Amino acid sequence: MSNQFPLNLKHAPSFASEDFLKLPCNEDAVYILQNWPSWTSHAVALIGPKGSGKSHLGHAWSEKSGAIFLTPQTDITKLGNACNLFVDDADCGLFPEDMLFHVYNWCKETSGSLLFTGQTAPNRWTVTLPDLKSRLATVQVTSIGSPDEDALTMVLAKLFADRQLIIDDTILPYIVSRMERSFDMANKIVSELDRISLAKKRRLTKILAKEVLEKLDTE
């Protein structure tokens, strides 16, 4: 067989603050998080499209603030002396509403800070608990916008570099001029190019990029 089957090894992104790519579409969000603890509200929601770096920024803030990273399985009765909390993908539907209600109140009562991330503003989340809905409506919101062509070029270059992939000089403008304008699509394209080039032992060229773009366009 001419093709190899690459091991399904997940690429682990770095959440270090120095590895975050600052762009015009995320500068407001970066400013808000960098200027903690001078927040005007104890609770802030960082919102933006999938793959835009919300988790990266959130983890960088957690490192700076000493915040506890919460999952839907976290036992919130054992927070101890923790004052600052980070809830990533808070609008994914996996976090119990009473848990979100408790952490909001906990941070307020302990004079701590709470960071949510999500794709939409908290006042648009589907919740049934009236007290939680009223509290979410007061959360300060900062957002990451959609990338333009220059931003996408920088994002793609970083994604290739993160995977230590060597690319043809013409591949970035070729991809950017033909792809959907989204962070999520940029991640999908680089991941698929990495997978196919490894499986077929092919260089990353415009020809391979064309194949990947056509494949993703039909999915």
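Structural data are supplied above this passage.
Residues numbered from 1 in each chain as written. Predicted model: local features only at pLDDT ≥ 70, side-chain atom pairs only at ≥ 80, totals over all residues. Heavy atoms only, no water.

Visitor: Would you explain the packing of aromatic side chains in this entry?
Guide: How two aromatic rings sit relative to each other is given by the distance of their centres and the angle of their planes. If you walk through the whole model with that rule in mind, you get 4 aromatic pairs. Look at Trp36 and Trp61: their rings are 6.1 Å apart centre to centre, the planes differ by 90 degrees, and that puts the pair in the edge-to-face class. Here Trp61 lies in helix 2 (residues 54-65) and Trp36 lies in the loop between helix 1 (27-34) and strand 1 (43-47), a separation of 25 residues in the sequence. Classification of Trp36 by relative accessible area gives buried; the value is 15%. (Phe/Tyr/Trp six-rings, centres within 6.5 Å; stacked < 30°, edge-to-face > 60°. Helix = DSSP H or I, 4+ residues; strand = E, 2+ residues; numbered from the N terminus. Buried < 20%, exposed > 50% of the residue type's maximum accessible area, 1.4 Å probe, protein only.)

Visitor: In this structure, what is going on with the sheet that holds strand 4 (residues 114-118)? I would like to understand it.
Guide: For sheets, the rule is that strands pair by backbone hydrogen bonds, running either parallel or antiparallel. If you trace the 5 strands from one edge of the open sheet to the other, you get 2-3-4-1-5, paired in parallel fashion. What marks the edges here is a single partner per strand, and that holds for strand 2 (68-70) and strand 5 (140-143). With direction set aside, neighbouring strand axes in the sheet form an average angle of 20 degrees. Strand contacts of helix 2: strand 1, strand 2, strand 3 (85-87) and strand 4, with the helix running at about 170 degrees to strand 3, the strand carrying the most contacts. (Pairing = 2+ DSSP bridges. Axes fitted to C-alpha atoms, helices over the stretch in contact; angles between N-to-C directions. Contact = heavy atoms within 4.5 Å.)

Visitor: Quick question: what am I supposed to make of the packing of helix 7 (residues 183-200) against helix 8 (residues 206-217) here?
Guide: Two numbers describe a pair of packed helices, the interaxial angle and the distance between the axes. In contact at an axis separation of 10 Å, helix 7 and helix 8 are set at 125 degrees when each is read in the N-to-C sense. One element, helix 7, and the other, helix 8, form an angle in the oblique class. Every pair of crossing elements has a handedness; the one defined by helix 7 and helix 8 is right-handed. Counting all contacts with helix 7, which are made through Met185, Lys188, Ile189, Glu192, Leu193, Arg195, Ile196 and Ser197, the residues of helix 8 involved are Leu208, Ala209, Val212, Leu213, Lys215 and Leu216. When the residues that make up the contact of helix 7 with helix 8 are grouped by side-chain class, the tally is 9 nonpolar, 1 polar and 4 charged. (Parallel < 35°, antiparallel > 145°, perpendicular 65-115°, else oblique. Left-handed = near helix turned anticlockwise from the far one by under 90°. Nonpolar A, V, L, I, M, F, W, Y, C, P; charged D, E, K, R; others polar.)

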